[in-house]
Amino acid sequence: MAAAFLTHLGQGSVEVRSAGSAPADAVNPAVVEAMTEVGIDISAEIPKVLTTEAVQASDVVITMGCGDACPIFPGKRYLDWKLEDPAGQGVDAVRPIRDEIKDRVTRLLAELGLQAH
């Protein structure tokens, strides 16, 4: 959801990489539905494994509880967003998580001197 919001709201002003330390086989259907409700289609997305190269190539790394599984490099800005895990939850439970992620992405873009579109 964070990558989708960054891509959507950043409108090409940021390069977004999305991966997880232990990604699922497919995107949670409730997450797909919740994002579709706000006009963002992530139904074709495929979860990817986080690589050291992706972290090295990034200026800001947003983690969501990956702990020791996430590589740490000096000079990178790390943000650990503590959020409820949408795994196994229905769309009613995912909506507030989605909305919190959107708020955080909007604030991050502002901190980077970029306007959310």
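Thresholds applied
- Residues numbered from 1 in each chain as written.
- Predicted model: local features only at pLDDT ≥ 70, side-chain atom pairs only at ≥ 80, totals over all residues.
- Heavy atoms only, no water.
- Helix = DSSP H or I, 4+ residues; strand = E, 2+ residues; numbered from the N terminus.
- Rg over C-alpha atoms; globule rule 2.2 N^0.38 Å.
- Buried < 20%, exposed > 50% of the residue type's maximum accessible area, 1.4 Å probe, protein only.
- Contact = heavy atoms within 4.5 Å.
- Lys, Arg positive; Asp, Glu negative; His and termini not counted.
- Charge placed at Lys NZ, Arg CZ, Asp CG, Glu CD.
- Core = buried A, V, L, I, M, F, W, Y, C linked by side-chain atoms within 4.5 Å.
- Axes fitted to C-alpha atoms, helices over the stretch in contact; angles between N-to-C directions.
- Parallel < 35°, antiparallel > 145°, perpendicular 65-115°, else oblique.
- Left-handed = near helix turned anticlockwise from the far one by under 90°.
- Salt bridge = Lys/Arg side-chain N within 4 Å of Asp/Glu carboxyl O.
- Polar contact = N/O pair within 3.5 Å; in protein donor to acceptor, adjacent residues only side chain to side chain.
- Pairing = 2+ DSSP bridges.

(A) Expanded view of the overall build of the chain. If you tally the helices and strands in the chain, you get 4 helices and 2 strands. Relative to the globule expectation of 13 Å for 117 residues, the C-alpha radius of gyration of the chain, 14 Å, shows essentially globular dimensions. Counting across all 117 residues of the chain, residues that qualify as buried make up 31%. A separation threshold of at least 6 residues defines the contact pool for the chain, and within that pool the share at least 24 residues apart is 58%. Of the charged side chains in the chain, 10 are positive and 17 negative; the average position of the first set lies 5 Å away from that of the second.

(B) How the structure looks around the nonpolar core. Of all hydrophobic cores here, the largest spans 22 residues; its most connected members are M1, F5, M35, I42, I101 and V105. When residues of this core are traced back to their parent elements, those giving at least two are α1 (2–10), α2 (29–37) and α4 (91–111). Among the elements that take part in this core, α4 stands out by supplying 7 residues, more than any other.

(C) Spatial organisation of the packing of α1 against α4. Between α1 and α4, the shortest axis-to-axis distance is 9 Å and the interhelical angle comes to 50°. Comparing the axis directions of α1 and α4 gives the class oblique. The handedness of the crossing between α1 and α4 comes out as right-handed. Between α1 and α4, the residues in contact are A2, F5, L6, L9 and G10 and R98, I101, K102, V105, T106, L108 and L109, respectively.

(D) Spotlight on the pattern of salt bridges. Under the counting rule described, the total for this entry stands at 8 salt bridges. Between E15 and R17 there is a salt bridge; the shortest N-O distance is 3.1 Å. One salt bridge in this structure joins E37 and R98, with 3.1 Å as the shortest N-O distance. Residue E37 is located in helix α2, and its partner R98 is located in helix α4; the two are separated by 61 residues in the primary sequence.

(E) Quick look at the environment of Q11. Here Q11 lies in the loop between α1 and α2. Spatially, the C-alpha atom of Q11 lies 24 Å from that of V94, the residues being 83 residues apart in sequence. Those residues within four positions of Q11 in sequence are excluded, and the remaining contacts are L6 and H117. Of the polar contacts made by the side chain of Q11, one reaches the backbone oxygen of H8; its length is 2.5 Å.

(F) Spatial organisation of the pairing of strand β1 (residues 60–63). In β1, alternate side chains face the same way, and those of V61 and T63 are buried while those of V60 and I62 on the opposite face are not. Alignment of β1 against strand β2 (residues 77–80), held across 4 bridges, turns out to be parallel. Bridging from a neighbouring strand, V60 pairs with R77 of β2.

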